[in-house]
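Structural features, examined
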Amino acid sequence: MIEIQQLPNILLENSNYGIGDLDDGIIHIGTNFCKNHDIPLCNNCPIKDLCEGFLNKKELLDEYRT
Ligand code: SF4
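On a predicted model such as this, the values are computed, not experimentally measured, just so you know.

**Here we look at the overall build of the protein**
Each helix and strand in the protein was counted, giving four helices and zero strands. Mapped in sequence order, the helices and strands of the protein form the string α-α-α-α. Its C-alpha atoms give the protein principal-axis dimensions of roughly 35 × 25 × 20 Å. Counting over 66 residues, the protein shows a buried share of 17%. In the protein, the proportion of contacts linking residues at least 24 apart, taken out of those at least 6 apart, comes to 19%.

**Observations concerning the site of the ligand**
Taken together, F33, C34, C42, C45, I47, K48, C51, F54 and L61 make up the full set of residues near the ligand. Of the residues assigned to the shell around the ligand, the class counts are eight nonpolar, no polar and one charged.

**Some words on a nonpolar patch on the surface**
Together, I2, I4, L7 and I10 give the surface a local cluster of nonpolar side chains, amounting to about 400 Å² of exposed area. In this fold, I10 is placed in helix 1 (residues 7-12).

**Here's the deal with the environment of L41**
Its location among the elements puts L41 in the loop between helix 2 (19-32) and helix 3 (52-55). Between the C-alpha atoms of L41 and E59, which are 18 residues apart in sequence, the distance is 15 Å. With residues near it in sequence (within four places) discarded, L41 still touches N32 and F33.

**Quick word on unusual backbone geometry**
Phi angles above zero are rare outside glycine, and N14 is one such case at about 65°. By the element assignment, N14 lies in the loop between helix 1 and helix 2. You can call N14 exposed: its relative accessible area is 79%.

**What to know about the confidence of the model for the protein**
Mean pLDDT over the protein stands at 88; residues scoring 70 or higher make up 97%. Per-element confidence in the protein ranges from a low mean pLDDT of 84 for helix 4 (residues 59-63) to a high of 93 for helix 3.

Parameters at a glance
- Position labels on residues start from 1 in each chain and follow its written sequence.
- Only residues with pLDDT of 70 or above have their local features reported here, since the model is predicted, and side-chain atom pairs are shown and tallied only from 80 upward, although totals for entire chains, interfaces and linings are computed over all residues.
- As a rule here, side-chain values cover all heavy atoms of the structure and leave hydrogens and water aside.
- In this description a helix means any DSSP run of H or I spanning at least four residues, a strand means any run of E spanning at least two, and both kinds are numbered starting from the N terminus.
- In this scheme, a residue with accessible area under 20% of its type's maximum is buried, one over 50% is exposed, and one in between is partly exposed, where area comes from a 1.4 Å probe on protein chains only.
- In what follows, a contact means two residues having at least one pair of non-hydrogen atoms within 4.5 Å.
- Nearness is defined per residue: one heavy atom within 4 Å of the molecule or strand is enough.
- Put simply, Ala, Val, Leu, Ile, Met, Phe, Trp, Tyr, Cys and Pro go in the nonpolar bin, Asp, Glu, Lys and Arg in the charged bin, and everything else, Gly too, in the polar bin.
- Each patch groups residues whose relative accessible area exceeds 30% and which form no salt bridge, using 9 Å between like charges and 5 Å between nonpolar side chains of Val, Leu, Ile, Met, Phe, Trp and Tyr.
- In this description, accessible areas are obtained by the Shrake-Rupley approach with a 1.4 Å probe, and a residue is regarded as covered only by the protein chains that are shown.
- For salt bridges, the criterion is a side-chain nitrogen of Lys or Arg within 4 Å of an Asp or Glu carboxyl oxygen.
- In predicted models, pLDDT denotes the confidence assigned by the predictor to each residue on a 0 to 100 scale.

Below, the structure written as structure tokens:
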């Protein structure tokens, strides 16, 4: 079993990035593309090809806010 707080370490395993880089990236996406806007700018978002909300579950965009 994997606990959710372990996910950042798993994502960063075997990379040259640290937890601060991941935090900076999430903040960048959140403030420039995602839920700080009334309508998220998904078509310009750098992680749109990985985003479950954009790809498969549009309802997530309405059900969750930062
Ligand atoms: S693609 Fe996903 S992460 Fe990017 S702005 Fe849209 S909802 Fe947010």
